[in-house]
Amino acid sequence: MKSLTLTTLTALTTTLVPTLAQNAGLNLPSGPELKAGSDVIVQVTRPNSLTGSTELAVAIGLQSCPNSECIEADETLGTVLYHGAFNPVYHEYYLPPYENFTVSVPEGVSKGKAVVGVAHVALVGASNWPFLEVLNKTVTIV
Ligand SMILES: *[C@@H]1O[C@H](CO)[C@@H](O)[C@H](O)[C@H]1NC(C)=O
Ligand SMILES: *[C@@H]1O[C@H](CO)[C@@H](O)[C@H](O)[C@H]1NC(C)=O
């Protein structure tokens, strides 16, 4: 039992460490309330890590789900508001490298619950391991 647990832990650690080292973060400085028809900043951070990685791209989407359960962001991004290059750089010394994306919340999007989803793709390490993660934040469209 003990050795099984240890093996499981080791397996988890070896798969999780490179993943976590590359994990991006998602901040919405405009807050959890986004105004339909307005421009908002979506901030994507990438912790600096020792494992070299090549950033490929991010896609930022908005899924409107005012009256229902939202679908997992890794299954749908909804309306794509941005897709393209991701170049996180240091701005403030106390923050990890990040890039601010200014995106437009569509005018006609329903008021109420929505999900901002960010798909992030990079190549990690000397072997160029293809890495995909999807981040999300629940917001309210006002
Ligand atoms: C990114 O957005 C935040 C929030 O609005 C702002 O404080 C920061 O100065 C912006 N950074 C850059 C480099 O524009
Ligand atoms: C958002 O991310 C969290 C943490 O990974 C996850 O538990 C949740 O199911 C996600 N929600 C959506 C709508 O994708």
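Preceding block: the structure.
Remember, predicted model here, so these are calculated numbers, not experimental data. (Residues numbered from 1 in each chain as written. Chains lettered and ligands numbered in written order. Predicted model: local features only at pLDDT ≥ 70, side-chain atom pairs only at ≥ 80, totals over all residues.)

Sheets are built from strands that pair by backbone hydrogen bonding, the pairs being arranged parallel or antiparallel. Strand order in this open sheet of 3 strands is E1-E3-E6, and the pairing throughout is antiparallel. What marks the edges here is a single partner per strand, and that holds for strand E1 (25-27) and strand E6 (98-104). Shown here is a sheet whose adjacent strand axes are inclined to one another by a mean of 25°, direction ignored. Pairing geometry for E1 and strand E3 (residues 39-45), over 3 bridges, is antiparallel. Counterpart to Gly-25 in the pairing with E3 is Thr-45. (Pairing = 2+ DSSP bridges. Helix = DSSP H or I, 4+ residues; strand = E, 2+ residues; numbered from the N terminus. Axes fitted to C-alpha atoms, helices over the stretch in contact; angles between N-to-C directions.)

This brings us to the site of ligand 1. The environment of ligand 1 is formed by Pro-29, Ile-41, Gln-43, His-91 and Asn-100. Looking at side-chain class alone, the shell around ligand 1 contains 2 nonpolar, 3 polar and no charged residues. (Near = placed C-beta within 6 Å. Nonpolar A, V, L, I, M, F, W, Y, C, P; charged D, E, K, R; others polar.)

Looking down a regular strand, the side chains alternate between one sheet face and the other. A one-sided burial pattern is seen for E3, the buried positions being Val-40, Val-42 and Val-44 and the unburied ones Asp-39, Ile-41, Gln-43 and Thr-45. The sheet contact formed by E3 and E6 spans 7 bridges and is antiparallel. When the bridges of E6 are listed, Thr-45 appears paired with Tyr-98. (Buried ≥ 20, exposed ≤ 12 C-beta atoms within 10 Å, placed from the backbone.)

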